[in-house]
Amino acid sequence: MHKAGFVNIVGKPNAGKSTLLNQLMGEKLAIVTQKAQTTRHRIFGIYNEEDLQIVFSDTPGVLEPKYELQEKMMDFVKDSLQDADVFLFIVDVTDKEEPNEFLVDKLNKIPVPVLILLNKIDASNQEAMLEKVEYWHNKIEKAEILPISALEGFNTDLILPKLKALLPENPPYYDKDQYTDKSERFFVNENIREKILLNYDKEIPYSVEVVTEMFKEKEGIIFIDSIIYVERDTQKGILIGHKGEAIKKVGTEARIDLEKFFDKKIHLNLFVKVKKDWRKNERDLKNFGYR
């Protein structure tokens with residue numbers, strides 16, 4: 001008997017969805033920062049055992065879109081609400097704001113199991129946690145609730161057995177040696193974008209898109225040329241920094257991470273170009289992979 005299915009991870013921005021995906025997969029597939037809206041795309045992580053395949057789907061955090069890029073990000077979320085066998089709804093227990101009612105309403109109506117993961121319990125206490133459990137039990141009555149810490153790995157070992165019990169009997173959807181649906185270039189782009197999110201403040205990280213134009217391996221070395229697009233000339237200057245020091249730091253940090261990811265020596269060239277208001281331009285967004 002072989003079980004297989006799609007398990008979609010949903011929640012508000014910065015709830016810990018990507019951290020959870022990486023924890024469950026046992027390796028870093030999705031970039032992680034403290035900044036909201038780190039995840040822009042829908043990323044599949046394919047977990048395999050001899051008699052099991054779980055296709056995890058990490059999605060952007062649910063928000064009210066303010067411009068075209070965010071509209072496209074929410075399209076990925078809406079897609080994820082159509083095709084799951086199980087939902088992992090991850091909730092940040094330190095979040096004081098009201099839950100996203102659109103998402104709560106959808107999860108109440110969808111006829112598949114929902115597991116609510118109360119994340120970041122290492123930053124909470126027992127009394128507050130019991131209140132959260134009762135609150136979410138009343139919000140989504142059908143859901144099972146599990147307190148976790150995705151960052152610390154607390155209780156995350158309980159998730160896979162629960163999913164295995166819930167998933168239907170199916171043959172695998174993907175080859176058993178495949179662990180994601182994304183290309184090597186995608187992971188290069190995301191890694192560089194992560195370093196920009198970590199090294200720059202304010203609007204710069206959100207005005208950036210990365211495109212890898214060359215990815216070529218020769219004699220055990222991977223040669224990579226990537227373009228970092230920004231929306232304005234002033235952003236280009238900030239990104240490059242005085243005498244190129246800022247962009248050099250990004251390149252060094254990205255190269256070190258990519259050498260670990262690909263387990264090969266990396267030669268990385270970064271270029272910065274301006275593409276005015278690309279976040280609001282339908283054609284630019286399509287070219288960048290936001291359909």
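Residues numbered from 1 in each chain as written. Predicted model: local features only at pLDDT ≥ 70, side-chain atom pairs only at ≥ 80, totals over all residues. Heavy atoms only, no water.

Quick look at the packing of aromatic side chains
- With the rule as written, the count across this model stands at 10 aromatic pairs.
- Relative to Trp 136, the ring of Phe 89 lies with its centre 5.3 Å away and its plane at 85°, an arrangement referred to as edge-to-face. Separated by 47 residues along the polypeptide, Phe 89 in strand 4 (residues 86-92) and Trp 136 in helix 4 (residues 126-139) bring together distant segments of the chain. Here the two residues Phe 89 and Trp 136 agree in accessibility, since each one is buried.
- Relative to Trp 136, the ring of Tyr 135 has its centre 5.4 Å away and its plane inclined at 85°; by these criteria the two rings are edge-to-face.
- Since its relative accessible area comes to 4%, Trp 136 is described here as buried.
- Three or more aromatic residues link up through ring pairs in this structure, and these residues are Phe 186, Phe 187, Phe 215, Phe 261 and Phe 262.
- Geometry around Phe 186 places Lys 182 over its ring, the cationic atom sitting 5.0 Å from the centre.
- The positively charged end of Arg 279 is found above the aromatic ring belonging to Tyr 67, 4.7 Å away from the centroid. (Phe/Tyr/Trp six-rings, centres within 6.5 Å; stacked < 30°, edge-to-face > 60°. Helix = DSSP H or I, 4+ residues; strand = E, 2+ residues; numbered from the N terminus. Buried < 20%, exposed > 50% of the residue type's maximum accessible area, 1.4 Å probe, protein only. Lys NZ or Arg CZ within 6 Å of the ring centre and 35° of its normal.)

A short note on unusual backbone geometry
- Within the chain, Lys 120 stands out as a residue other than glycine whose phi angle is a positive 70°.
- For Lys 120, the location among the structural elements is in the loop between strand 5 (114-119) and helix 4.
- At Asp 263, a position not held by glycine, the phi torsion is positive, near 55°.
- Examined against the element boundaries, Asp 263 turns out to sit in the loop between helix 8 (245-262) and strand 9 (265-274).
- Using a relative accessible area of 67% as the deciding quantity, one classes Asp 263 as exposed.

A few points about the sheet that holds strand 1 (residues 3-10)
- Pairing is mixed across the open sheet formed by six strands, whose spatial order is 2-3-1-4-5-6. What marks the edges here is a single partner per strand, and that holds for strand 2 (43-49) and strand 6 (144-147). When strand polarity is set aside, the average angle formed by the axes of neighbouring strands in this sheet is 20°.
- Where strand 1 and strand 3 (residues 52-58) come together, seven bridges link them in parallel fashion. Across the sheet, the residue bridging to Val 7 is Phe 56, located in strand 3.
- Running at roughly 110° to strand 3, helix 5 (residues 159-166) makes contact with strand 1, strand 2, strand 3, strand 4, strand 5 and strand 6 of the sheet. (Pairing = 2+ DSSP bridges. Axes fitted to C-alpha atoms, helices over the stretch in contact; angles between N-to-C directions. Contact = heavy atoms within 4.5 Å.)

Regarding the sheet that holds strand 9
- Sheet architecture is open: three strands sit in the order 7-8-9, paired in mixed fashion. In this open sheet, the two strands that pair with only one neighbour each are strand 7 (209-218) and strand 9. This sheet shows a mean twist of 15° between the axes of neighbouring strands, independent of strand direction.
- Its contacts with the sheet place helix 6 (residues 184-199) against strand 7, strand 8 (221-230) and strand 9, and it is angled at close to 130° to strand 7.
- Where helix 8 meets the sheet, its contacts fall on strand 7, strand 8 and strand 9, and the angle it forms with strand 9 comes to roughly 140°.

Some thoughts on the environment of Thr 212
- Relative to the helices and strands, Thr 212 is located in strand 7.
- Accessibility expressed as a relative area gives 6% for Thr 212, which makes it buried.
- The spacing of Thr 212 and Ile 224 is 12 residues in sequence and 7.1 Å in space, taken between C-alpha atoms.
- Discounting chain neighbours no more than four positions away, the residues touching Thr 212 are Arg 185, Val 188, Asn 189, Ile 224, Asp 225 and Ser 226.
- Engagement of the side chain of Thr 212 in a polar contact is seen with the side chain of Ser 226, the distance being 2.9 Å. (Polar contact = N/O pair within 3.5 Å; in protein donor to acceptor, adjacent residues only side chain to side chain.)

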